[in-house]
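Understanding the architecture of this molecule
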Amino acid sequence: MSNTINPLPTIRIRGRSFMALIVVPESPFEAWLTALDQQMARSAGFFVDRPVVVNLAAMAGSDEDPAAVLAALEARDLRIIGVEGVEMAALRGTPWFGATLAAPGREGKPDKFIDVPEAVAPTAVEPVEPAPAPARRPSLLVNRPVRSGQSVVFEEGDVTVIGPVSSGAEIIAGGSIHVYGTLRGRAVAGLLGGAEARIFCSKLAAELLAIDGLYRTADHWGVGLQGKPVQIWLDDKELRLAALD
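None of the values given here were measured: they were computed from a predicted structure.

Our next topic: the nonpolar core. Within the largest apolar cluster, 31 residues are counted, with the highest numbers of intra-cluster contacts made by Val159, Leu183, Ile199, Leu204 and Leu209. Not counting residues up to four positions away in its chain, the partners in contact with Leu209 are Leu183, Ala187, Ile199, Leu204, Leu214, Tyr215, Arg216, Trp221, Ile232, Leu239 and Leu241. Counting residues in hydrophobic clusters, the runner-up holds 22 residues, among them Leu21, Phe47, Val54 and Met88.

Now for helix α2 (residues 66-74). Taken residue by residue, α2 has Ala67, Val69, Leu70, Ala72 and Leu73 as its buried positions. The secondary structure elements touched by the buried residues of α2 are α1 (29-42), β3 (51-55) and β4 (79-84).

What follows is about the sheet that holds strand β7 (residues 158-162). The strand order β5-β7-β9-β11-β14-β15 describes an open sheet built from 6 strands, whose pairing is mixed. In the strand order of this sheet, the two ends are held by β5 (139-142) and β15 (238-243), each with one partner. Within this sheet the neighbouring strands show an average axis-to-axis angle of 20°, counted without direction. Note: strand β14 (residues 230-235) against β15, 6 bridges, orientation antiparallel. Its bridge partner being in β15, Trp233 is matched across the sheet by Arg240.

The rules we used
- Residues numbered from 1 in each chain as written.
- Predicted model: local features only at pLDDT ≥ 70, side-chain atom pairs only at ≥ 80, totals over all residues.
- Heavy atoms only, no water.
- Core = buried A, V, L, I, M, F, W, Y, C linked by side-chain atoms within 4.5 Å.
- Buried < 20%, exposed > 50% of the residue type's maximum accessible area, 1.4 Å probe, protein only.
- Contact = heavy atoms within 4.5 Å.
- Helix = DSSP H or I, 4+ residues; strand = E, 2+ residues; numbered from the N terminus.
- Pairing = 2+ DSSP bridges.
- Axes fitted to C-alpha atoms, helices over the stretch in contact; angles between N-to-C directions.

Structure follows, in structure tokens:
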């Protein structure tokens, strides 16, 4: 089973102008925290140097103190840069007060009414040729190995790596990922909400695989896939893996 909400912690991936992980604590919090500790032990380094957004919406109605939840996460060296799903007033006097990335439901200013006299005739406007849209790169080719500690991030489309991806490296793509070599480290595809994205590799030895926010770690590949040519895809909100040979 791929990791969604239960029993493992929900971790979603947000992109665009920055890369962050969205962590969604749930009730009962102690059980969720235990599952998080187990997940972090299996995927050492997953949160290292990665900004984290905590969404507390699932904790609404529980007896848990939002500040205590955030303190427990920070004690695990999570670098919290934003908090969602909670009224900021509940965090007043804490280090996280005001740490919101967006203000949902903010009311806009009312439209301004402009009265145009009937006698005013519309002015003819000279047609203007639209500027050509800038060319977008549909794919990124990396024709060298990706070393440990390196990150390849290409949110606009597919990433193809000619060579191996080392342990501790990561490939993050808006579309699909193709690795013509051994895939170690982490591979995150479908960053822009692409459930159709896939991951292909010549030899599977990764620490973590993710597509469109759903992920699996190396403990959950299934029998006989480690070290084999593999493809990974989403099927009805489940992450599937299958050997290519």
